[in-house]
Each structure stands twice: as structure tokens, then as C-alpha cells.
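Chain by chain, the residues run as shown.
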Amino acid sequence: MTADFPAAGQVFDYHYLWKWQADRGETEGRKKRPSCVVIVVANEAGHHVMFIAPITSKSPDQGPTALEIPETEARRARLDSNLSLWVILDELNADVLEASYTIEDRSPRGSFSPAFTDAILRGVQQLRVAGRLKLSKRT
């Protein structure tokens, strides 16, 4: 893998497409937001699919499942550690790395620790098993 190959736990500025936007036929995220690579897997064609979770400062409602980002993790990811931030776990973008036009700068702003990254992945996996994971395909 090369230096610009995204890894789980890395945080990028990404034009995240919310599921409700995709359902309305939108194909572009409205603004760049910090987003976390949850996992990268190879598909049948040998391309790398990145599953990306949004990060928000808006306190989650009862509906979305989110993980609050501790101050230490915010600093590691070079996020504003003075804000309350959450990684949204029940909604992801699936973006094929080789065809992606949404990650303009492939150098991450920072990354979460392996322990926090594992907590994100476990939360996403639990939601997937429960059938509560929403996915927007980007490419």
C-alpha cells in the first residue's frame, strides 16, 4: 500500500453525502466535513471500497446512533477539541478509492487511536447486523 492509501481511523475533509440527500437524488455532498474511514475492503473487481462515517458537532437526535469523540481523540484527529463532536455510526458513504472524485486531498488531517477506531468499527458492525445501517454509494 502507498502512503496516500486511506486506512481505518484516518480523518479526511470529505464531501459527505447524507442518506436523505442520496434518497432525494442528490449525488454530491453539500459541504466538506471531517469524516472518518471506518474500514477499507476489496470488492469482487479488486477495487478498494472505503466505508466513511461523518463527523458532526450537532448533537445526535434519538434516531441516529453516534459515538462521542473524546477530547484526546479530537486532538489526535486534528479536530476542534473545544467542541462536542460525534462520529455517526448508522450511516456511511461507500466510495471506491480508485474511482473516487470526492477525496481531493488524500493526506488525512489526522487519525483516531486504534482503540477508538475499533470502537467505531464495532458500533457499525452491530448496526449492520441489526439491519439499521444506511449506506450511500458514491461511485
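Residues numbered from 1 in each chain as written. Predicted model: local features only at pLDDT ≥ 70, side-chain atom pairs only at ≥ 80, totals over all residues. Heavy atoms only, no water.

### Some thoughts on the pairing of strand E1 (residues 10-15)
Every other side chain in a regular strand lies on the same face of the sheet, so the side chains alternate between the two faces.
Reasoning step 1: Bridge count for E1 against strand E7 (residues 110-111) is 2 bridges, and the pairing is antiparallel. The residue of E7 that forms the bridge with Val11 is Gly110.
Reasoning step 2: In terms of strand pairing, E1 meets strand E2 (residues 32-42) through 5 bridges, oriented antiparallel. Pairing of His15 across the sheet is with Lys32, part of E2. (Pairing = 2+ DSSP bridges. Helix = DSSP H or I, 4+ residues; strand = E, 2+ residues; numbered from the N terminus.)

### Considering the pattern of salt bridges
Close approach of charged atoms allows side chains of opposite charge to pair.
Reasoning step 1: Counted by the stated rule, this structure contains 6 salt bridges.
Reasoning step 2: The salt bridge involving Lys19 is made with Asp23; its shortest N-O contact spans 3.0 Å. Separated by 4 residues within a single helix, Lys19 and Asp23 lie in helix H1 (residues 19-23), roughly one turn from each other.
Reasoning step 3: Look at Lys19 and you get partly exposed, because its relative accessible area is 23%. (Salt bridge = Lys/Arg side-chain N within 4 Å of Asp/Glu carboxyl O. Buried < 20%, exposed > 50% of the residue type's maximum accessible area, 1.4 Å probe, protein only.)

### Some remarks on the nonpolar core
One broad trend across soluble globular proteins is that nonpolar side chains are buried collectively.
Reasoning step 1: Judged by nonpolar contacts, the single largest core of 18 residues is most densely connected at Val11, Ile55, Ile69, Leu79, Val87, Phe112 and Ile120.
Reasoning step 2: Secondary structure elements with two or more residues in this core: E2, strand E3 (48-56) and helix H3 (114-129).
Reasoning step 3: Residues contacting Ile69, with those up to four places away along its chain left out, are Ile55, Ala74, Leu79, Leu85, Trp86, Val87, Phe112 and Phe116.
Reasoning step 4: Formed by 8 residues, the second largest nonpolar core is a distinct cluster that contains Tyr14, Trp18, Ile88 and Leu97. (Core = buried A, V, L, I, M, F, W, Y, C linked by side-chain atoms within 4.5 Å. Contact = heavy atoms within 4.5 Å.)

### Side note on the layout of surface pockets
Reasoning step 1: Estimates place the volume of the second largest pocket at around 180 Å³.
Reasoning step 2: Together, Val38, Ile39, Val41, Phe51, Leu92, Leu121, Val124, Gln125, Arg128, Leu133 and Leu135 line the second largest pocket.
Reasoning step 3: Elements that contribute at least two residues to the lining of the second largest pocket include exactly E2 and H3.
Reasoning step 4: Looking at the lining of the second largest pocket, the element that brings in the most residues is H3, giving 4 residues. (1 Å grid on protein atoms, 1.4 Å probe; cavity = no way out; pocket = protein on both sides within 12 Å on 5 of 7 lines; lining within 4 Å. Points joined across faces, edges and corners; volume = space filled by probe spheres on them.)

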